[in-house]
Amino acid sequence: MKVLVTGGVGYIGSHTCVELLNAGYEVVVVDNLMNSKQEALERVKDITGKGVLFYNVDLLDKEALSKVFLEHEIRAVIHFAGLKAVGESVFLPLKYYHNNITGTLILCEVMEEFGVHQMVFSSSATVYGLQDCVPFHEGLTLQATNPYGRTKLMIEEILQDVYDSNNNWGIALLRYFNPVGAHLSGVIGEDPNGIPNNLFPYITQVAVGKLEKLSVFGGDYPTHDGTGVRDYIHVVDLAIGHLKALEHVLNTTGVNAYNLGTGKGYSVLEMIHSFEKTTGKKIPYQITERRSGDIAISYGDPSKAKKELGWEAVKGIDEICEDAWRWQSKNPNGYETKL
Ligand code: NAD
Ligand code: UD1
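Residues numbered from 1 in each chain as written. Chains lettered and ligands numbered in written order. Predicted model: local features only at pLDDT ≥ 70, side-chain atom pairs only at ≥ 80, totals over all residues. Heavy atoms only, no water.

1. Remarks on helix H5 (residues 93-113)
For step 1, the next point in the chain: For H5, with 21 residues, the first-to-last C-alpha span of 29 Å sits near the 30 Å given by 1.5 Å per residue.
For step 2, the next point in the chain: Among the residues of H5, those classed as buried are Tyr96, Asn99, Asn100, Ile101, Gly103, Thr104, Ile106, Leu107, Cys108, Val110 and Met111.
For step 3, the next point in the chain: Buried residues belonging to H5 abut strand E1 (2-6), helix H3 (62-71), strand E4 (74-79), helix H4 (86-91), strand E5 (118-124) and helix H6 (147-165).
For step 4, the next point in the chain: Backbone geometry just downstream of H5 places Gly115 in the positive-phi region, at approximately 70°. (Helix = DSSP H or I, 4+ residues; strand = E, 2+ residues; numbered from the N terminus. Expected span 1.5 Å × (residues − 1). Buried < 20%, exposed > 50% of the residue type's maximum accessible area, 1.4 Å probe, protein only. Contact = heavy atoms within 4.5 Å.)

2. What about the nonpolar core?
For step 1, the next point in the chain: Formed by 42 residues in total, the largest nonpolar core has its most connected members in Val5, Leu20, Val27, Leu174 and Leu246.
For step 2, the next point in the chain: Counting residues per element, this core draws most heavily on helix H8 (residues 235-251), which supplies eight residues.
For step 3, the next point in the chain: If near-sequence neighbours (up to four positions away) are discounted, Leu20 is found in contact with Val5, Tyr25, Val27, Ile78, Leu243 and Leu246.
For step 4, the next point in the chain: Within the second largest apolar cluster, 29 residues are counted, among which are Val30, Val68, Val110 and Met111. (Core = buried A, V, L, I, M, F, W, Y, C linked by side-chain atoms within 4.5 Å.)

3. Here we look at the site of ligand 1
For step 1, the next point in the chain: Around ligand 1, a shell composed of 25 residues is seen, among which Asp31, Asn35, Ser36, Phe80 and Lys84 lie nearest.
For step 2, the next point in the chain: Within the backbone of Leu59, a nitrogen or oxygen atom sits 3.0 Å from a nitrogen atom of ligand 1.
For step 3, the next point in the chain: For ligand 1, whose free accessible area comes to 820 Å², the fraction covered by protein is 95%.
For step 4, the next point in the chain: Mapped onto the shell around ligand 1, the elements with two or more residues apiece are helix H1 (11-22), E5 and H6.
For step 5, the next point in the chain: Here the shell around ligand 1 takes three residues from E5, the largest share from any one element.
For step 6, the next point in the chain: In the shell around ligand 1, the residues fall into eleven nonpolar, ten polar and four charged. (Near = heavy atom within 4 Å. Polar contact = N/O pair within 3.5 Å; in protein donor to acceptor, adjacent residues only side chain to side chain. Areas by Shrake-Rupley, 256 points an atom, 1.4 Å probe, with all protein chains shown as cover. Nonpolar A, V, L, I, M, F, W, Y, C, P; charged D, E, K, R; others polar.)

4. Describing the pattern of salt bridges
For step 1, the next point in the chain: All told, the structure shown has 13 salt bridges when counted by the stated rule.
For step 2, the next point in the chain: Salt-bridge contacts for Glu39 lead to Arg43; the nearest nitrogen and oxygen are separated by 2.8 Å. Separated by four residues within a single helix, Glu39 and Arg43 lie in helix H2 (residues 39-48), roughly one turn from each other.
For step 3, the next point in the chain: We note a salt bridge from Glu156 to Arg175, for which the minimum N-O separation is 2.7 Å. Of this pair, Glu156 sits in helix H6 while Arg175 sits in strand E6 (residues 170-176), and the two are 19 residues apart along the sequence. One exposure class covers both Glu156 and Arg175, and it is buried.
For step 4, the next point in the chain: Several salt bridges converge on common partners, so that one network encompasses Lys62, Glu109 and Glu113. (Salt bridge = Lys/Arg side-chain N within 4 Å of Asp/Glu carboxyl O.)

5. Side note on unusual backbone geometry
For step 1, the next point in the chain: A cis amide bond, omega -5°, links Val134 with the succeeding residue Pro135.
For step 2, the next point in the chain: Considering the arrangement of structural elements, one finds Pro135 in the loop between E5 and H6.
For step 3, the next point in the chain: Located in the positive-phi region is Leu33, a residue other than glycine, with phi close to 60°.
For step 4, the next point in the chain: Here Leu33 is to be found in the loop between strand E2 (26-30) and H2.

6. Comments concerning the sheet that holds E6
Hydrogen bonds between backbone groups are what pair the strands of a sheet, and the pairing can be parallel or antiparallel.
For step 1, the next point in the chain: The parallel open sheet is built from seven strands, whose spatial order is E3-E2-E1-E4-E5-E6-E11. The strands lining the two open edges of the sheet, one partner per strand, are strand E3 (53-55) and strand E11 (254-260). Taking the axes of each pair of neighbouring strands and ignoring which way they run, one obtains an average angle of 20° across the sheet. (Pairing = 2+ DSSP bridges. Axes fitted to C-alpha atoms, helices over the stretch in contact; angles between N-to-C directions.)

Okay, here's the thing in structure tokens:
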């Protein structure tokens, strides 16, 4: 069975391609490489012994996208393609709205034209916005605090409208908490451009000597040690969650949102200490001002995904640290490192 993966060259997409290929799916990837390197797909092949069919296509190019659907009998779509930097989205909102929303509209139009109605969509826990009760569950009122978050919220609503107009659609909205870690092989992983915005790639780049020290954003949050608490989920657990969601949309119609998280929160200091313990690398850090827009505590209630998809995260923070470090230490320059 052929599955189209948009954004399949990226961090979560490449890990999901590995799991799809291992499970016997044929994988067609559409990606314009605006935030990824094609080398990731070579490495997916090294891991699985199987290749994906790759198209360097922008979702905004409807004609080129339609050609992919003409050439392949696509049964379902896993839709990762999108821009994801919160800070950048504040300065370049139109770029984010155009790429993420128009890209999704065009994808849905083409899917409708070709009678493909099964989609797994990368949403984000960011759609919960500023909540003061944890764990977050799927029934909370949604809100967004920045343009990136609004694209996810709007796309969730658009997909609901698409289903309301044609009940043949089966759509899973996967709300990820904080994806981290890397494939056990250390061959694929997260390779951000420039200085990382997110905690984990920052920690690993300090450990490998590319960055001097970590700034811990805020030491005065109402948490047990004063630093922010998050739900860190191993990217391979997340990838497997996509396979479970795919099976679900292949067998049901409707729109369903699922939290993909562990249900546990860890503070920034706990993550630093776990990394130091499991890797033996010291992470110099200093506590600085809070980062604007951050909340104190975020973790999800993943019980709906367990009940309806039969999925739960199994990898803990020690495995996350070991795997992230294996990737970074083997690939100090990400995909530009020759293996
Ligand atoms: P990523 O940037 O590594 O992957 C996204 C891929 O989409 C990239 O390869 C990029 O080149 C491609 N892309 C972007 N716009 C495109 C377009 N118009 N046409 C074709 N390809 C396009 O990001 P990721 O971390 O793998 O995230 C995947 C998805 O999950 C994104 O939608 C992101 O918003 C969402 N998400 C990510 C996180 C996270 O922390 N990584 C958390 C929540 C949600
Ligand atoms: C961020 C985004 C969120 C997005 C998610 C994707 C913001 C405000 N939120 O979430 O919308 O869905 O990434 O992964 O950008 N931290 C430090 N020092 C650093 C980096 C981070 O102390 O150099 C802290 C943060 O304050 C936070 C925790 O580490 O408490 C995790 O931060 P990060 O990895 O950036 O993720 P989120 O902020 O949770």
